[in-house]
Amino acid sequence: MTATSLPTTGPAPDPLSERVPGRARRVDLSGTSFTALSGFAALLIVLMVAVILGEIVWNGWSTVTWEFLAGLPREGMTKGGIFPAIYGTVLLVVLMVVALIPFGVGAAIWLHLYARQDSWFTKAVRFAVHNLAGVPSIVFGLFGLGFFIQFVGREIDRALGLDVVWGQPALVWAALTLALLNLPVVIVTTEESLRTVARDQREASLALGATRWQTVRHVLLPQALPGILTGAILAVARGAGEVAPILFTGAAYFLPFLPKSPTDQFMELGYHVFVLATQSPDVDATRPLLYGTVLVLLLLTFLLNLTAILIRARLRARLLGRG
Amino acid sequence: MADATLHTSDARPALVSRPHVPEREAAPATHAEQPAATRLAAREYHLYYGTHHALKNISLEIPSGSVTAIIGPSGCGKSTLLRSFNRMNDLIPGVRVMGGLVVSGQDVFGAATDVVELRRRVGMVFQRPNPFPKSVFENVAFGLRMLGVNDRAALAPRVEQSLRRAALWDEVRDRLDNSALQLSGGQQQRLCIARCLAVEPEVILMDEPASALDPTATGRIEELILDLKGRYTIVVVTHNMQQAARISDRTAFLLQGELVEYDDTRRVFTSPREKLTEDYITGRFG
């Protein structure tokens, strides 16, 4: 717009360089070197990603066949496919999101709208959320084992008079442990996106005689949804790749069947990578399978993310009145 | 400097005294039915933001169906007073009030008062147009939907009526399902007025409704306010003295939280009782 309305006299001369040439050159020099440095840092990141992806795609591509995707592992995992691990991963992530979103979003709504910001309880909750985010994932795994399996699971078994059904590593406990791990991410991103909904939107709703819950339901949540999805995307990306939390809580080394109930154990891609890389009797024989599994894990995470990103883009467009 | 312009107020009651006590005898319910009855009233009303005494001993009566302008320099408490009548200040932590406010004979702070119901009767239009990122139709229908009206056939006539009253119908009748964000700023502000009219309020509070708009759009909002007068009681906070003179029947001048003068607009602008009012409207400060 300005380019057409202004007379085209070429780039405007830098007034600084005209008046104080020496000083200006020095500024330019440090500016150029800083640009080069930050450019190099950015390039390094691109290179690292390119090398990692290139290596995986190069070595894994030929392994990924229909038989590999749909088959079961055979001959001590040196042959066959990884279908149980794909199935288990998808199930795990879906269950995790189902458990995570209501809790995370609920907690964020409470923190943002209902909590008295100066009360000790609210401060304690915020402190806990921020500290939870810093806990190593293996600690979550141990917590899941101790709390969900040995306490909650066993109590359920005792109450129902069952043998060991719930009180053992299982899909449901692994999903809940992963949900717990990702809870801070979802709470923080949701609260942040609720905060970015302009105050005047909230006031407009309340001034029209909407109750606080109606305001949350019909004004704040719809506008915060893209931000909530961002939290879910981050959680999915992390959830599909984390191995430590599910190590003790449900992931299995090898299963000849697919999980049918939440109390079954399951195979998982990340854990399968770990198994192929370290637990195999013949590492050389499993190496192609290892590359293939990593490639599938990356593609799966990418696919899950892409879906969420597309949904988010559509929601944003609708909010901006372009939908 | 600030204290020099203050009235020496001897009526500064202790904080412990009668919070939220209405003066019921001062505004009996029968008033609401008389044509020139008092629609809004403040009785020795004080408001504190924490320790800051933002409104000091405000008493005024606003007649039904009139347009009242509240003028005064920035930070004098105009918006705070306006937002007291629908209790929007409840959203701000650390706000305390004393004295009484009455809307149609009902004590605003009474224990029996339902804030949600009060806000339906006392609508509000904000400084910046703030339509929801929904369709034109859904913006106007919002308040009704919150009341549980969800049938489009029942909503449509109410939406049309509200848009007509807000002088917007002819401009948006063919794009009711388009996003409200596609409208111009002035149209958005009239949409906000229509949205507020849809829930049939008795009072409309307007907080500098035209300050974010260009002169043409401002003119349309002013015309609209004059159209709506009579059917609704309107209170407008404004920075614009000419606007106050053009549209209002009565004008209240606030300075540093005190009501300096409240009278017929003509009188305030031609022969104000107070020297401070004269200084302000002639532009000697503010």
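Definitions and limits used
Residues numbered from 1 in each chain as written. Chains lettered and ligands numbered in written order. Predicted model: local features only at pLDDT ≥ 70, side-chain atom pairs only at ≥ 80, totals over all residues. Helix = DSSP H or I, 4+ residues; strand = E, 2+ residues; numbered from the N terminus. Rg over C-alpha atoms; globule rule 2.2 N^0.38 Å. Buried ≥ 20, exposed ≤ 12 C-beta atoms within 10 Å, placed from the backbone. Contact = placed C-beta atoms within 7 Å. Expected span 1.5 Å × (residues − 1). Bend = angle between axes of the 7 residues up to and from the residue. Nonpolar A, V, L, I, M, F, W, Y, C, P; charged D, E, K, R; others polar. Pairing = 2+ DSSP bridges. Right-handed = clockwise from strand over helix to strand, strands pointing away. Axes fitted to C-alpha atoms, helices over the stretch in contact; angles between N-to-C directions. Parallel < 35°, antiparallel > 145°, perpendicular 65-115°, else oblique. Left-handed = near helix turned anticlockwise from the far one by under 90°.

A. Molecular detail of the overall build of chain A. A count of helices and strands for chain A gives 13 helices and two strands. At 26 Å, chain A has a C-alpha radius of gyration far larger than the 20 Å of a compact globule built from 323 residues. Considered along the principal axes of its C-alpha atoms, chain A spans approximately 85 × 60 × 40 Å. Taken over 323 residues, chain A has a buried fraction of 35%. Restricting the contact set of chain A to residue pairs at least 6 apart, pairs at least 24 apart contribute 75%.

B. Examining helix 8 (residues 171–196) of chain A more closely. Residues and elements named next belong to chain A. For helix 8, with 26 residues, the first-to-last C-alpha span of 36 Å sits near the 38 Å given by 1.5 Å per residue. Where helix 8 bends most, the angle comes to about 45 degrees, and this point is Asn-182, followed within four residues by the proline Pro-184. Buried residues dominate helix 8, accounting for 22 of its 26 residues.

C. Representation of the interface of chain B and chain A. Each partner contributes to the interface: chain B provides 23 residues, whereas chain A provides 17 residues. Looking at the side of chain B that touches chain A, the elements that each hand over two or more residues are helix 2 (115–121), strand 6 (122–125), helix 3 (136–146) and helix 6 (185–197) of chain B. Sorting elements by how many residues they give to the side of chain B that touches chain A places helix 2 of chain B first, with four residues. For the side of chain B that touches chain A, the class distribution of residues is 12 nonpolar, six polar and five charged.

D. Up close: the pairing of strand 7 (residues 203–207) of chain B. Residue and element names in this part refer to chain B. Of all five residues in strand 7, five are buried; the element is thus mostly enclosed. One ladder, built from four bridges, connects strand 6 with strand 7; its direction is parallel. Among the inter-strand pairings, Val-125 is bridged to a residue of strand 7, identified as Met-206. Pairing analysis gives five bridges linking strand 7 to strand 8 (residues 233–237), with the strands arranged parallel. Paired with Asp-207 across the two strands is Val-237, which belongs to strand 8. Once you follow strand 7 into helix 7 (residues 215–228) and on to strand 8, the crossover reads as right-handed.

E. Structural view of the packing of helix 9 (residues 199–207) of chain A against helix 10 (residues 212–241) of chain A. All names here are of chain A. Interaxial distance between helix 9 and helix 10 falls to 10 Å at its minimum, and their mutual angle equals 160 degrees. Here helix 10 runs roughly antiparallel to helix 9, going by the angle between their axes. For the pair helix 9 and helix 10, the sense of crossing is right-handed. Side by side, helix 9 and helix 10 meet where Gln-201, Arg-202, Ser-205 and Leu-206 of the first sit next to Thr-215, Val-219, Leu-220 and Gln-223 of the second. The class makeup of the residues in the contact of helix 9 with helix 10 is three nonpolar, four polar and one charged.

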